[in-house]
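Listed below are the residues making up each chain.
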Amino acid sequence: MTRRQLIGSSVAAWAAAGLPASPAPTGRLKQSVSRWCYKDIPLDQLCAAAARIGLKGIDLLAPADYDIPRRHGLRCTMGYAADIMTIPNGLNRPENHAAIEKAFRVGIPQAAKSDVPNVIAFSGNRRGISDEEGAANTVAGLNRVKRIAEDYGVTICIELLNSKVDHPDYMADHTAWGVTVAEQVNSPRVKLLYDIYHMQIMEGDLIDTIRRNIKWIGHFHTGGVPGRHNLDEAQEVNWRAIARTIADLKFQGYFAHEFVPQGDPLPALRDAVRTCTV
Ligand SMILES: O=C(O)C(=O)CO
């Protein structure tokens, strides 16, 4: 069966594709999935399959696509509201702040209008500046925009990424750096995107770190380590224990899968969701 045939197809076709025939229960966590990991599947089709699997949303969409998940009873769970900001070029440089503020002045109201609860932000690379200076700059940048986020009820999430494998020189590569920034900004609408894949590579100690810092975490990403593939037994993270920890903390945000599937992509996603259904 092709993906095209799958979508809009019968209950039997969903079952034949290994997906639940009706939306599956997914436990205490609100699970979501990152669009870029399934880029070969048209977004409408991905949303239809995600709804069957029991997901609550689609992560990392551009504004033009924000409303597509809503056709399927889902929402975009993390938006790109300021595309001027990139992983290497972000909030840690004061010369970027005016453009980031300008972008968020448009992008945050747009996210709110489409019921998108979070927008992504990046520290940028170090490029020779110290972590202390970069943190102070990032705090200053976030202080310029936090009021917009507060007024519209949208959370700006600064992503923690590894600088060891995927993003050399990225500054927000440790939880402590992100927590320092979030504490200083001290807004209910400025939090961390704790990417479990990236933080396992940099720090490990996932459960204790999540427990100690949950107050500052607004969103999670997953991905098997090493390789950023399926959450299966070939990788080293105990996803069920992590999911249980987060659910036990009564986390109210989204837990978004962000792994590049190996094998048939939708069954890989279904299996990850089941693993994290606690
Ligand atoms: O680009 C990456 O590695 C990410 O995790 C983005 O969310």
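Going along each chain's sequence as written, the residues are numbered from 1 onward. For a predicted model such as this one, the threshold for reporting local features is a pLDDT of at least 70, and the threshold for listing and counting side-chain atom pairs is 80 or more; totals across whole chains, interfaces and linings nevertheless cover every residue. As a rule here, side-chain values cover all heavy atoms of the structure and leave hydrogens and water aside.

Please set out the overall build of the protein chain residue by residue, giving values where relevant.
Check the secondary structure of the protein chain and you find 10 helices and 8 strands. The globule rule puts the C-alpha radius of gyration for 278 residues at 19 Å, and the 18 Å found for the protein chain is close to it. Counting only C-alpha atoms and orienting by the principal axes, one finds that the protein chain spans roughly 55 × 40 × 30 Å. In the protein chain, buried positions account for 59% of the 278 residues. Intrachain contacts of the protein chain at a sequence separation of at least 6 include 76% that bridge at least 24 residues. Methods summary: accessible areas were calculated by the Shrake-Rupley approach with a probe of 1.4 Å, and residue burial reflects only the protein chains presented. When the accessible surface of the protein chain is summed, it comes to about 11,500 Å², and 50% of that surface belongs to carbon and sulfur atoms. The protein chain carries 32 positive and 30 negative side-chain charges, and their two centres are separated by 7 Å. Under the DSSP-based scheme used, a helix requires at least four consecutive residues in state H or I and a strand at least two consecutive residues in state E, with every element numbered from the N terminus. Note that the radius of gyration is over C-alpha atoms, with the globule rule given as 2.2 Å times the number of residues to the power 0.38. Burial classes follow relative accessibility: with a 1.4 Å probe on protein chains only, a residue under 20% of its type's maximum area counts as buried, one over 50% as exposed, and anything between as partly exposed. In this description, contact between two residues means that some pair of their heavy atoms is separated by no more than 4.5 Å. Here the positive residues are Lys and Arg and the negative ones are Asp and Glu; neither His nor the chain ends is included. A charge is said to be at NZ when it belongs to Lys, at CZ for Arg, at CG for Asp and at CD for Glu.

Give a description of the nonpolar core that names residues and reports values.
Considering soluble globular proteins, one finds that nonpolar side chains tend to be buried as a cluster. Only buried residues count toward a nonpolar core. Its members are Ala, Val, Leu, Ile, Met, Phe, Trp, Tyr and Cys residues joined through side-chain atoms within 4.5 Å. Phe104 and Phe220 are the most contacted members of the largest nonpolar core, which totals 90 residues. Of all the elements, helix H3 (residues 43-53) adds the most residues to this core, at 7 residues. Beyond its immediate chain neighbours, meaning those up to four positions away, Phe220 contacts Leu193, Tyr194, Ile196, Ile210, Ile214, Ile246, Phe251, Tyr254, Phe255 and Ala256.

Please set out the packing of helix H5 (residues 131-152) against helix H6 (residues 175-185) residue by residue, giving values where relevant.
Interaxial distance between H5 and H6 falls to 9 Å at its minimum, and their mutual angle equals 40°. As far as their axial angle goes, H6 and H5 are oblique. The element H5 and its partner H6 pack so that their crossing is right-handed. Judged by residue contacts, Asp131, Gly134, Ala135, Thr138, Val139, Leu142, Asn143 and Lys146 of H5 engage Trp177, Val181, Gln184 and Val185 from H6. Polar here means any residue other than Ala, Val, Leu, Ile, Met, Phe, Trp, Tyr, Cys and Pro, which are nonpolar, and Asp, Glu, Lys and Arg, which are charged; Gly is therefore polar. Its residues placed into classes, the contact of H5 with H6 shows 6 nonpolar, 4 polar and 2 charged. Think of each axis as a best-fit line through the C-alpha atoms, taken over the contacting stretch in the case of a helix, with angles from 0 to 180 degrees between the N-to-C directions. Angular relationships are summarised with four words: roughly parallel below 35 degrees, roughly antiparallel beyond 145, roughly perpendicular across 65 to 115, and oblique for the angles in between. Crossing handedness: left-handed means the near helix sits turned counterclockwise from the far one by under a right angle, and right-handed means the same turn made clockwise.

Break down the site of the ligand for me, with residues and values.
Neighbouring the ligand are Leu60, Ile87, Glu159, Leu161, His167, Asp195, His198, His221, Arg228 and Glu258. Think of a polar contact as two N or O atoms within 3.5 Å of one another; within protein, one of them needs to be a possible hydrogen donor and the other a possible acceptor, and neighboring residues in sequence only count if both atoms come from side chains. Within the side chain of Glu159, an N or O atom sits 2.8 Å from an oxygen atom of the ligand. In this structure, His167 approaches the ligand through a side-chain N or O atom, which is 2.7 Å from an oxygen atom. Calculation on the ligand without its partners gives an accessible area of 230 Å², and the protein chains cover 89% of this total. Classifying every residue of the shell around the ligand by side-chain character gives 3 nonpolar, 3 polar and 4 charged. For this description, a residue counts as near a given molecule or strand if any of its non-hydrogen atoms is within 4 Å of it.

With reference to specific residues and values, describe the side chain of Thr222.
By secondary structure assignment, the location of Thr222 is in the loop between strand S7 (217-221) and helix H9 (239-248). On the basis of relative accessible area, Thr222 is assigned to the buried category, the value being 0%. There is a polar contact of 3.1 Å between the side chain of Thr222 and the side chain of His257. Non-local contacts of Thr222, meaning those with residues more than four positions away in its chain, are made with Tyr197, Leu231, Trp239, Phe255, Ala256, His257, Glu258 and Phe259.

Break down the pattern of salt bridges for me, with residues and values.
We define a salt bridge as a side-chain nitrogen of Lys or Arg found within 4 Å of a carboxyl oxygen belonging to Asp or Glu. Tallying each qualifying case throughout the model produces 15 salt bridges. The salt bridge involving Asp173 is made with Arg126; its shortest N-O contact spans 2.9 Å. Taken together, the residues span a long stretch of sequence, with Asp173 in the loop between strand S5 (155-160) and H6 and Arg126 in the loop between strand S4 (118-121) and H5 at a distance of 47 residues. When sorted by exposure, Asp173 lands in the same class as Arg126, which is buried. Residues Arg270 and Asp271 are paired through a salt bridge, measuring 2.9 Å at the closest nitrogen-oxygen approach. With a relative accessible area of 15%, Arg270 lands in the buried category. Linked by salt bridges that have partners in common, Glu101, Arg105 and Arg144 make up one network.

Kindly report on the UniProt feature "domain: Xylose isomerase-like TIM barrel" (unreviewed entry) in the protein chain, identifying the contributing residues and their values.
UniProt positions are given in the numbering used here, feature names are shortened, and annotations may be inferred rather than shown by experiment. In this numbering, the UniProt entry assigns the feature "domain: Xylose isomerase-like TIM barrel" (unreviewed entry) to residues 70-271. Secondary structure content for residues 70-271 is 41% helix and 15% strand, while the C-alpha to C-alpha distance between its ends is 24 Å.

I'd love a proper account of the UniProt feature "active site" (unreviewed entry) in the protein chain, names of residues and values included.
The UniProt record annotates "active site" (unreviewed entry) at Glu159 and Glu258. A maximum C-alpha distance of 12.8 Å among these annotated residues, which run over 100 residues, shows that they cluster at one spot. By the secondary structure assignment, Glu159 is in strand S5. Those residues in contact with Glu159 that lie beyond four places of it in its chain are Ile120, Ala121, Phe122, Tyr170, Ala172, Leu193, Asp195, His198, His221 and Glu258. Structurally, the position occupied by Glu258 is in the loop between strand S8 (254-257) and helix H10 (265-275). Taking relative accessible area as the criterion, Glu258 reaches 4% and is therefore assigned buried. For Glu258, the residues in contact, after removing those within four places along its chain, are Ser34, Trp36, Cys37, Leu60, Glu159, Asp195, His221, Thr222, Gly223 and Arg228. Only 2.8 Å separates the side chain of Glu258 from the side chain of Trp36, close enough to count as a polar contact.

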